[in-house]
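Residues per chain are reported as follows:
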Amino acid sequence: MGFLKNPSLISSRILKLSFFLIVFIVNNSFGAFGAKTRHFKWEVEYMHWAPDCKEGVVMGINGQFPGPTIQARAGDTIHLELTNHLHTEGVVIHWHGIRQIDTPWADGTASISQCPINPGESFVYRFKVDKAGTYFYHGHYGMQRSAGLYGSLIVDVEEGKKEPFHYDGEFNLLLSDLWHKSAHEQEVDLSSKPMRWIGEPQSLLINGRGQNNCSLAAGFNNSTLSKCKLRGNEQCAPQILQVLPNKTYRLRVASTTALASLSLAIGNHKMIIVEADGNYIQPFEVDNMDIYSGDSYSVLFTTNQDPSINYWISVSVRGREPKTPQGLTILNYKTTSASKLPTLPPPISPPWNDYNHSKSFTFKILSQMGSPKPPVRPHRRIVLLNTQNFIDGQTKWSINNVSLVLPATPLLGSMKYNLKGAFDPKKPPESFSANYDVMNPSSNPNSTTGSLVYTLRFNTTIDVILQNANALAANVSEIHPWHLHGHDFWVLGYGEGRFKEGDEKKFNLKNPPLRNTAVIFPFGWTALRFVADNPGVWAFHCHIEPHLHMGMGVVFAEGVRRIGKIPDEALTCGLTAKMFMSTKN
Ligand SMILES: O=C1O[C@H]([C@@H](O)CO)C(O)=C1O
């Protein structure tokens, strides 16, 4: 009984071989300690594709969806020439989790670190991948992540170095969500008056593959979808993970969803979490794990189950009432046929609103012994209130009552060259009113829009308290995974309700995890600490793409005078382009 005649398989070896096919290495110039410059040439274009068996249009790279996997070693330099083959729109790519030390113009954030690359034009991203870990890349302009512009970025340890754990093979799972509506329509929907919410995704994708009009697990679950009849060579056929019995595998998992928070499980197999956002953590065992947009993890699992059957790998929605079918693929013991369906039903994920389950997972993430510790005291504390507001007929998200609108001139250029009129020199609020009730809908929905920048003194220690609150509807507060560019931060603690003086006494300064993304739970707060030691202008925002589009972000700038020569190509738009023209004439 084969549901797949010719399944698309990934085994750890195939994965490694395919890297050589995928990666276009022009030259392998060796630098110090064996570090290489790895060259890539990428073309971004819209393509017809059927990621969930229904054909639509996605953004692809070099004819692939998701884009090619970048595989490098810590210390390598990536030299990537990106050409925009979209017909009528600009593009940028952000290298999520890479700190861009000394290269803030390569961070790939439209309006902040660079101008969008125009159709027909190319831009060279050149940056160092300084730290081993599981990363990914994605579009950072409008809703281009929702349009499918993403891929994996894997940084292995330096040649000759060892990971602090053992494994026999590895797999890479990039998780995403898919809408049948175009990203352009989503952008219009979000900014219309009244706002039209984009709703839940139609499908969850694992390595760009999902099934929307049929189910691999029909008969097991109570879905009305019929059983998938796939040959295995379809764009929506699941990538099957092939394993040998009694081995340990490393699963690198990253979520680039536009909206969905996810729960991942491997039927009958325990998972040991060992890495989060490119940092080693104290290993802990789970049956299922939460993964929010912007998170990446490595998990180890041992193939110690009955080798005569196959098992499900499942991905389900958490934190929002799920209206999207579970994403599925198969773990195939090579001792049996890859086309045999698992005999057990797919894992059942915890109820979507069981936040205690999510918290207990999140609170277990602690740094490994020997990891860098945070400075004991901050120089400055910034408290950021997250609210949903009506502004001028639109629904927006605001931070301390300011909803982020991105300027035409990239802030990196306007701040470095101190271009009057290109950015707002006003100071954004450090906190919010003592009377504000975070547990109820806002009584004072007055917010403004703007692109204010928090200027941080170079090398100072900054605490950020992310304060969640009630959204516009009563008794609603949502999950928001916040992502910081240019840095990792320590997650010092979480709390319920409003953060108050004295709560800092409960901060974990002993083994807080270093991460680049941290979640705020409904009606709660999350405390972060980082050192402003990376000259540049950096986005800090909710990684839910429609929320950022609706203004849920801030900008930090530090050490602006120390920023090296910004390549002109990054800034040939807005007032920096005018400046270049006037200095030429
Ligand atoms: O930003 C959002 O808007 C909707 C809802 O709050 C209003 O329709 C929703 O679920 C969001 O996450």
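The rules behind the values
- Residues numbered from 1 in each chain as written.
- Predicted model: local features only at pLDDT ≥ 70, side-chain atom pairs only at ≥ 80, totals over all residues.
- Heavy atoms only, no water.
- Domains from an automatic or database assignment.
- Contact = heavy atoms within 4.5 Å.
- Buried area = accessible area lost by both parts, 1.4 Å probe.
- Salt bridge = Lys/Arg side-chain N within 4 Å of Asp/Glu carboxyl O.
- Polar contact = N/O pair within 3.5 Å; in protein donor to acceptor, adjacent residues only side chain to side chain.
- Near = heavy atom within 4 Å.
- Areas by Shrake-Rupley, 256 points an atom, 1.4 Å probe, with all protein chains shown as cover.
- UniProt positions renumbered as here; feature names shortened; annotations may be inferred.
- Helix = DSSP H or I, 4+ residues; strand = E, 2+ residues; numbered from the N terminus.
- Pairing = 2+ DSSP bridges.
- Axes fitted to C-alpha atoms, helices over the stretch in contact; angles between N-to-C directions.

**Considerations on the domain arrangement of the protein**
Its domain assignment divides the protein into domain 1 (37-156), domain 2 (169-363) and domain 3 (380-581). Put simply, the middle of domain 1 and the middle of domain 2, counted by C-alpha atoms, are 23 Å apart. In this complex, domain 1 contributes 31 residues to the contact, which on the side of domain 2 involves 44 residues. Between domain 1 and domain 2, the buried area comes to about 2,600 Å², and carbon and sulfur atoms account for 54% of it. The largest per-residue losses of area from domain 1 upon contact with domain 2 belong to D52, T134 and M143, which jointly make up 25% of the total buried on that side. Scanning the region where domain 1 abuts domain 2 turns up one salt bridge. The residue D156 makes a salt bridge to R252 at a minimum N-O spacing of 3.3 Å. Taken together, domain 1 and domain 2 are joined by 21 residue pairs in polar contact (both at pLDDT 80 or more).

**Some words on the site of the ligand**
Close to the ligand lie M195, W197, R320, Q388, W397, E478, H547 and M550, which account for all nearby residues. Q388 places a polar side-chain atom, nitrogen or oxygen, 2.9 Å from an oxygen atom of the ligand. With respect to the ligand, the side chain of E478 contributes an N or O atom lying 2.6 Å from an oxygen atom. Compared with its free state, where it exposes 310 Å², the ligand has 73% of that area covered by protein. Split by domain, the residues of the shell around the ligand number at least three in each of domain 2 (169-363) and domain 3 (380-581).

**Here we look at the UniProt feature "domain: Plastocyanin-like" (unreviewed entry) in the protein**
Mapped onto this structure's residue numbering, the UniProt feature "domain: Plastocyanin-like" (unreviewed entry) falls at residues 44-158, 171-334 and 427-559. What you have in residues 44-158 is 0% helix and 44% strand, and the ends, taken at the C-alpha atoms, are 30 Å apart. Across residues 171-334 one finds 5% helix and 43% strand; the C-alpha atoms that close the span lie 15 Å apart.

**A look at the sheet that holds strand β32 (residues 536-542)**
In spatial order, the strands read β25-β33-β32-β27-β30; together these five strands make up an open sheet with mixed pairing. Both edges of this open sheet fall to β25 (453-456) and β30 (517-520), since each of them pairs with a single strand only. Taken over all neighbouring pairs, the strand axes of this sheet differ in orientation by 20° on average, direction set aside. Where β25 and strand β33 (residues 553-558) come together, four bridges link them in parallel fashion. Bridged to L456 within β33 is E558.

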